[in-house]
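The residues making up each chain are set out below.
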Amino acid sequence: MSRDGFEALRARVWDDPALAVELAGLPAERFNGELVRRARELGFEVEPVDVAAALNAGRADWLMRWIR
């Protein structure tokens, strides 16, 4: 299941500061594709829809902080 792969990738990025910096430095227009590519290189099953869902959830959480 790709959602499990995404969560595993998230844990890997959390534990690998160099990887986090690498990903943070990607231009926004390349981020999703590069993240999926990098995830697969690392052996994680991640789909573009997982990345989009996580980004949307993060944006919604950030916006809700200011509404509450």
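What you are looking at is a predicted structure, and each value in this text was computed from that prediction instead of being measured. (Residues numbered from 1 in each chain as written. Predicted model: local features only at pLDDT ≥ 70, side-chain atom pairs only at ≥ 80, totals over all residues. Heavy atoms only, no water.)

**A word on the overall build of the protein chain**
Argument step 1. Of the regular secondary structure elements, the protein chain holds four helices and zero strands.
Argument step 2. Its helices and strands in sequence order give the protein chain the pattern α-α-α-α, from N to C terminus.
Argument step 3. Dimensions along the principal axes, computed over C-alpha positions, put the protein chain at roughly 40 × 25 × 25 Å.
Argument step 4. Residues counted as buried form 22% of the 68 residues belonging to the protein chain. (Helix = DSSP H or I, 4+ residues; strand = E, 2+ residues; numbered from the N terminus. Buried < 20%, exposed > 50% of the residue type's maximum accessible area, 1.4 Å probe, protein only.)

**Brief notes about helix H3 (residues 28-41)**
Argument step 1. An ideal rise of 1.5 Å per residue puts 20 Å on 14 residues; H3 measures up with 20 Å between its terminal C-alpha atoms.
Argument step 2. Along its length, H3 shows its largest kink, about 30°, at Glu34.
Argument step 3. Listed in full, the buried residues belonging to H3 are Leu35, Val36 and Ala39.
Argument step 4. Following H3 by one or two positions, Gly43 has its phi on the positive side, about 95°. (Expected span 1.5 Å × (residues − 1). Bend = angle between axes of the 7 residues up to and from the residue.)

**Overview of the pattern of salt bridges**
Argument step 1. Applying the stated criterion across every chain, the model contains eight salt bridges.
Argument step 2. Close ionic contact of Glu47 with Arg40 constitutes a salt bridge, the shortest N to O distance being 3.2 Å.
Argument step 3. In this structure Glu47 comes out as partly exposed when scored by relative accessible area, which is 29%.
Argument step 4. For Arg40, a relative accessible area of 45% translates into the label partly exposed. (Salt bridge = Lys/Arg side-chain N within 4 Å of Asp/Glu carboxyl O.)

**A closer look at the layout of surface pockets**
Argument step 1. Taken as a whole, the largest pocket encloses approximately 280 Å³ of empty space.
Argument step 2. Forming the boundary of the largest pocket are Phe6, Leu9, Arg10, Val13, Ala20, Leu23, Ala24, Phe31, Leu35, Val51, Ala54 and Leu55.
Argument step 3. Of all elements in the fold, only helix H1 (2-15), helix H2 (17-24), H3 and helix H4 (48-67) reach the threshold of two or more residues within the lining of the largest pocket.
Argument step 4. When residues in the lining of the largest pocket are grouped by element, the largest group, four residues, is from H1. (1 Å grid on protein atoms, 1.4 Å probe; cavity = no way out; pocket = protein on both sides within 12 Å on 5 of 7 lines; lining within 4 Å. Points joined across faces, edges and corners; volume = space filled by probe spheres on them.)

**What to know about a nonpolar patch on the surface**
Argument step 1. A surface patch of nonpolar side chains, about 400 Å² in accessible area, is lined by Trp62, Leu63 and Trp66.
Argument step 2. Within the secondary structure layout, Trp62 lies in helix H4.
Argument step 3. For Trp62, a relative accessible area of 47% puts it in the partly exposed group. (Patch = residues over 30% accessible without salt bridge, like charges linked within 9 Å, V, L, I, M, F, W, Y side chains within 5 Å. Areas by Shrake-Rupley, 256 points an atom, 1.4 Å probe, with all protein chains shown as cover.)

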